[in-house]
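Examination of the molecular architecture
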Amino acid sequence: LVGISLGEQNRDKANHYFNNTIMTLFAIAAIIWVAVVFFPARLAQAVGANQMLLPFVKQYVQTFGFFVIPIVFNIVLGISLQSIGKPQLYMVGNMLSMGINIALDLLFICVFNLGIFGAALASGISATIVFVLFLSKFVREDSILKIGRCRLDFPELLQMAYNGSSEAITQLCGGLANLVFNWLLITKFGEVGVSAFAAVQYISLAVNAVIMGMSRGVAAIISVNFGGKIMKRVREILSLTVKTVTATGVLCTVILLLFKSPLIAVFVKGDPEVFETAKEIISCYSLSFIFVGANVVINTFYTAVNDPKTSAGLAVLRFALLISAFFVLPFLIGNTGLWLSFAFAELICLLISS
């Protein structure tokens, strides 16, 4: 909504959306801060920490949670940097946060022996340093988006929440799909299946990072051009991005099929059964990369042009197709069908959304 307003050359409206977001997220982050700082044990128990893990989880949650406000704001400020044409600062900030985090981990854990507390402290400090860097760009007088006073507008907040609901559904459905898939793995294959799929997921992180990076980056560009009613450029950007992520997916699939053994060997050592199962999974699972990028970009497109109904509908459709494939394909073609479920669901969803 900020991007669309900037495309309409309406800075006041863009700043109104921006500052309403800031105020609301601050209130949400403050509630989270109270919960994690004062009730870490209850939270740890709620997510299943047993008596052995409870002290460690409690310590990490409480320490890391102390920095929850800069952590939350790094997300919204980073996306806002993209909207005002400074995506390189967002990237540099994330890389800086990672570098500082690693350095402080080594210092706090290896040198000062601070253990779990040190790990959480390192993550919190690194996020806070980057927060200060991001924040400095939104308090300057010449900033396109500037943090300042505004009236709280509940209809606009509901509009923002509604438009972002598709992204929330996507995240929620992804977690539920993984939960169902892991349940099927543990039922059919035991720990071997779960361990093998975990190795495949580690390998796929690089591909997913590229896809999410492209979709996040193009969203701001599409919003601004849509707001400026430059529809020809919106169509060109969407087409170019879909082609790029699809080509990237094809390339990654080919690489994974050709070099699956050495890649899996990085994550699986000393367990031939897990190694062979991971090879079988990745041969089928990697095919999903050909279609998943286009689906993510198309879904992001509808959010970027403020069409949450279509975006949310596609998010639910992907989830429904995936869950259905988990149960139908193995029944038709055996275990291979389970590994092909992801590719099948992505392909059908793409055919419908296109």
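The structure we're discussing is the one just above.
In what follows, the accompanying structure is described. (Residues numbered from 1 in each chain as written. Predicted model: local features only at pLDDT ≥ 70, side-chain atom pairs only at ≥ 80, totals over all residues. Heavy atoms only, no water.)

Observations regarding the overall build of the chain
Counting its regular elements, the chain contains 16 helices and zero strands. Its C-alpha atoms give the chain a radius of gyration of 22 Å, near enough to 20 Å, the size a compact globule of 354 residues would have. The dimensions of the chain, computed from C-alpha atoms along their principal axes, are 60 × 55 × 30 Å. Taken across its 354 residues, the chain has 43% of its residues classed as buried. Partitioning the contacts of the chain with sequence separation of at least 6, the portion at a separation of at least 24 is 73%. If you sum the accessible surface of the chain, you get close to 18,300 Å²; carbon and sulfur atoms cover 70% of it. Across the chain, the centroid of the 22 positively charged side chains sits 7 Å from that of the 16 negatively charged ones. (Helix = DSSP H or I, 4+ residues; strand = E, 2+ residues; numbered from the N terminus. Rg over C-alpha atoms; globule rule 2.2 N^0.38 Å. Buried < 20%, exposed > 50% of the residue type's maximum accessible area, 1.4 Å probe, protein only. Contact = heavy atoms within 4.5 Å. Areas by Shrake-Rupley, 256 points an atom, 1.4 Å probe, with all protein chains shown as cover. Lys, Arg positive; Asp, Glu negative; His and termini not counted. Charge placed at Lys NZ, Arg CZ, Asp CG, Glu CD.)

Considerations on unusual backbone geometry
Phi is positive for Asn113, which is not a glycine, with a value near 55°. Looking at the secondary structure, you find Asn113 in the loop between helix 6 (87–111) and helix 7 (115–136). Asn113 gets classed as exposed once you look at its relative accessible area, which sits at 62%. The backbone phi angle of Asn306 is positive, close to 65°, even though this residue is not glycine. For Asn306, the position within the fold is in the loop between helix 14 (289–304) and helix 15 (308–333). The exposure class assigned to Asn306 is partly exposed, which follows from its relative accessible area of 29%.

Digging into the packing of aromatic side chains
For the structure on display, the rule yields 19 aromatic pairs. The interplanar angle of 85° and the centroid separation of 5.7 Å between the aromatic rings of Tyr285 and Phe289 together place this pair among those described as edge-to-face. Accessibility expressed as a relative area gives 8% for Tyr285, which makes it buried. In this structure an aromatic cluster arises from ring pairing among Phe181, Phe189, Phe197, Tyr285, Phe289, Phe326, Trp339 and Phe342. (Phe/Tyr/Trp six-rings, centres within 6.5 Å; stacked < 30°, edge-to-face > 60°.)

Details of the pattern of salt bridges
Following the criterion strictly, the structure yields six salt bridges and no others. Between Glu8 and Lys13 there is a salt bridge, and its shortest N-O distance comes to 3.9 Å. On the basis of relative accessible area, Lys13 is assigned to the partly exposed category, the value being 32%. Of the charged contacts, one joins Glu141 and Lys146 as a salt bridge, the two residues approaching to 2.8 Å between their closest N and O atoms. (Salt bridge = Lys/Arg side-chain N within 4 Å of Asp/Glu carboxyl O.)

With respect to helix 2 (residues 11–38)
Its 28 residues place the ends of helix 2 40 Å apart at the C-alpha level, agreeing with the 40 Å of an ideal helix rising 1.5 Å per residue. Buried residues of helix 2: Ala14, Asn15, His16, Tyr17, Phe18, Asn19, Asn20, Thr21, Ile22, Ala29, Val36 and Val37, and no others. Buried residues in helix 2 make contact with helix 1 (2–7), helix 3 (40–46), helix 4 (54–65), helix 5 (68–83) and helix 8 (154–163). (Expected span 1.5 Å × (residues − 1).)

Everything listed is a geometric property; what it means functionally is a separate question.
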